[in-house]
Amino acid sequence: MNLEALADSEQILQRTPRVIVIDDDPAVVDVVEKLLTTYGYQVECFHSAEKMLATAGLDDIGCVITDLQMPGMTGIALQYRLKELNSCLAVIVITGHADVPRAVEIMSLGAAMLLEKPFKNSELLEEVKNAIELSQQAMVKRQRIQAAVRRVSKLDEEELQIMLCAARGLPNKAIASQLALSPWTVDRRRQSALL
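All figures in this text were calculated on a predicted structure; none of them were measured in a lab.

1. As for the pairing of strand 2 (residues 43–46)
Part 1 of the reasoning: Pairing of strand 1 (residues 18–22) with strand 2, which is carried by four bridges, proceeds in the parallel orientation. In the sheet register, Val21 faces strand 2, and the bridge partner there is Cys45.
Part 2 of the reasoning: The parallel pair strand 1 and strand 2 is bridged by helix 2 (residues 26–38), and the resulting crossover is right-handed.

Structure (C-alpha cells):
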C-alpha cells in the first residue's frame, strides 16, 4: 500500500460515521436512538426511507438501521436503492416478521445483519460496531479502486501494454519478446508505470 492510500485509509477511520435509524414507529426510533446515543454514537432518525435517501451522499460511511415493513419504501427497497447508488453505508435490518425467503433476499443484498424484534441491546450495539467497520472497509476499497483507475488512466499505450503483460505474470524478457521491445525498455517503462 502506498503512502497516499494509507493516508486516505486513516482519514476514513477518523471520520465520524453516520448512524441512521429508520422506522415508522416513533417508539422504536426513540428507544434505538437513546441506546446508541448513550454509547457515544451520533444518531440521525427518520420515519421514512425516502426522507433518509434525500440526505444520503456517495461519500457517507456508517450504518443504516431500518425496519423491514414500512409504508412507502420498505427496508428491502431501501437496500436495493442504496446498492444502485453504490453506497458504502452498511445496512442492519430489524423486523418482527422474518421468514426464510425474505431473510435470504435481505442478506443477498449485502445487509450486515438481520435482527428480529425484540432484540437485545447488546446485539444491536455489536452489529452497529461491525456494520461501521464494514462501511469503512468498503470506502477504503472504493478509494483504492479509484486511485488505481486514476493511475492507469495516466499510463501511455506502451506502459499499459507492459503492465497488462506483467499482470498476467510474464517476466520482462517474455514481455520484451511479445511487444518487440528491448528488455531494458520494458524494465524502464515498467518502473515509470509504477511511480
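2. Here's the deal with the environment of Arg144
Part 1 of the reasoning: Tracing the backbone through its elements, the reader meets Arg144 in helix 6 (residues 121–153).
Part 2 of the reasoning: Put simply, Arg144 and Gln42 are 102 residues apart on the chain and 27 Å apart in space, counted from C-alpha to C-alpha.

3. Quick word on the sheet that holds strand 2
Sheet strands pair via backbone hydrogen bonds, and the direction of the pair is either parallel or antiparallel.
Part 1 of the reasoning: Across the sheet, five strands lie side by side as 2-1-3-4-5; this open sheet has parallel pairing. In the strand order of this sheet, the two ends are held by strand 2 and strand 5 (113–116), each with one partner. Neighbouring strand axes in the sheet, compared pairwise and without regard to direction, differ in orientation by 20 degrees on average.
Part 2 of the reasoning: Here strand 3 (residues 62–67) runs beside strand 4 (residues 90–95); their pairing, made up of five bridges, is parallel. Residue pairing for strand 4: Val64 is matched across the bridge by Val91.
Part 3 of the reasoning: Here helix 2 sits on the sheet in contact with strand 1, strand 2, strand 3 and strand 4, set at roughly 175 degrees to strand 2.
Part 4 of the reasoning: Against the sheet, helix 6 makes contact with strand 1, strand 3, strand 4 and strand 5, and its axis sits at roughly 130 degrees relative to strand 3, the strand it touches most.

4. So, the side chain of Asp67
Part 1 of the reasoning: Along the chain, the position of Asp67 falls in strand 3.
Part 2 of the reasoning: A polar atom in the side chain of Asp67 sits 3.5 Å from the side chain of Lys117.

5. Some words on the environment of Asp67
Part 1 of the reasoning: Its relative accessible area of 6% is what places Asp67 among the buried residues.
Part 2 of the reasoning: Expressed as a C-alpha distance, the spacing of Asp67 and Glu116, which sit 49 residues apart in the sequence, is 9.9 Å.

6. A look at the packing of helix 8 (residues 172–179) against helix 9 (residues 183–194)
Part 1 of the reasoning: Where helix 8 meets helix 9, the closest approach of the two axes is 8 Å, and the angle between their N-to-C directions is 110 degrees. If you check the angle between helix 8 and helix 9, you find them roughly perpendicular. Touching Asn172, Ile175 and Ala176 of helix 8 are Pro183, Val186, Asp187 and Arg190, all from helix 9.
Part 2 of the reasoning: Looking at the contact of helix 8 with helix 9 residue by residue, the class counts come to four nonpolar, one polar and two charged.

What counts, and where the lines are drawn
- Residues numbered from 1 in each chain as written.
- Predicted model: local features only at pLDDT ≥ 70, side-chain atom pairs only at ≥ 80, totals over all residues.
- Heavy atoms only, no water.
- Pairing = 2+ DSSP bridges.
- Helix = DSSP H or I, 4+ residues; strand = E, 2+ residues; numbered from the N terminus.
- Right-handed = clockwise from strand over helix to strand, strands pointing away.
- Axes fitted to C-alpha atoms, helices over the stretch in contact; angles between N-to-C directions.
- Contact = heavy atoms within 4.5 Å.
- Polar contact = N/O pair within 3.5 Å; in protein donor to acceptor, adjacent residues only side chain to side chain.
- Buried < 20%, exposed > 50% of the residue type's maximum accessible area, 1.4 Å probe, protein only.
- Parallel < 35°, antiparallel > 145°, perpendicular 65-115°, else oblique.
- Nonpolar A, V, L, I, M, F, W, Y, C, P; charged D, E, K, R; others polar.

Keep in mind these numbers describe shape, not what the thing actually does.
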